[in-house]
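The residues making up each chain are set out below.
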Amino acid sequence: MGKFRIIVKAVVEHEGKYLTVERWYNDCIVEPYQWEFLDGEMKYGEAPEDAAKRLVAEFTGLDAKVMDTLYTWSFTAGEICTTGITFLCKTDSDELLLSDELLDYQWISKEEIPKVITKNAVIRDMLRVGFISATAVED
């Protein structure tokens, strides 16, 4: 029998801008540094919303409030099935203290998301639920 894991993604908003972070993945791939939203594994027994708030705090030092569930996704790699939940979060501050796992950060507009986020699956999901518009992707 395969294994399961749950990933929580936090799309953090502050005054109409969205937090993207640059993370190093693997020096064996073409682009080892990639811009994305905050994400990480949910701990056993942890509520998904609590996991999102914890991850935001651990990665950035920000206190975030979960506002809504944006979308879910899943994929299987080998014997591990991953399910993900993406939350829209808000914060009252834009001053961060980045964890050592992150290289850089930037606050971007909703229209800039398709130009900054490098994972096509994230862009497709955001289009599917209407978080970003198709015109932003076409520009």
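Preceding this section is the structure that the text describes.
Nothing here was measured: the structure is a model prediction, and the numbers come from that model.

Enquirer: Sorry, what's going on with the pattern of salt bridges here?
Expert: A pair can form between side chains of opposite charge whenever their charged atoms are brought close. Using the criterion set out here, one finds ten salt bridges in the structure. The salt bridge partner of Lys119 is Glu36, with a shortest N-O separation of 3.2 Å. Pair noted here: Lys119 is in the loop between helix 2 (113–116) and helix 3 (120–128) and Glu36 is in strand 3 (residues 33–36), with a separation of 83 residues, a long-range link. By relative accessible area, Glu36 is classed as buried at 2%. Residues Arg128 and Asp125 are paired through a salt bridge, measuring 3.2 Å at the closest nitrogen-oxygen approach. With a gap of three residues between them, Arg128 and Asp125 both fall in helix 3, about one helical turn apart. Exposure remark for Arg128: the relative accessible area of 52% places this residue in the exposed category. Within the structure, one salt-bridge network assembled from shared partners comprises Lys9, Arg23, Glu36, Asp39 and Lys119.

Rules used throughout
Residues numbered from 1 in each chain as written. Predicted model: local features only at pLDDT ≥ 70, side-chain atom pairs only at ≥ 80, totals over all residues. Heavy atoms only, no water. Salt bridge = Lys/Arg side-chain N within 4 Å of Asp/Glu carboxyl O. Helix = DSSP H or I, 4+ residues; strand = E, 2+ residues; numbered from the N terminus. Buried < 20%, exposed > 50% of the residue type's maximum accessible area, 1.4 Å probe, protein only.

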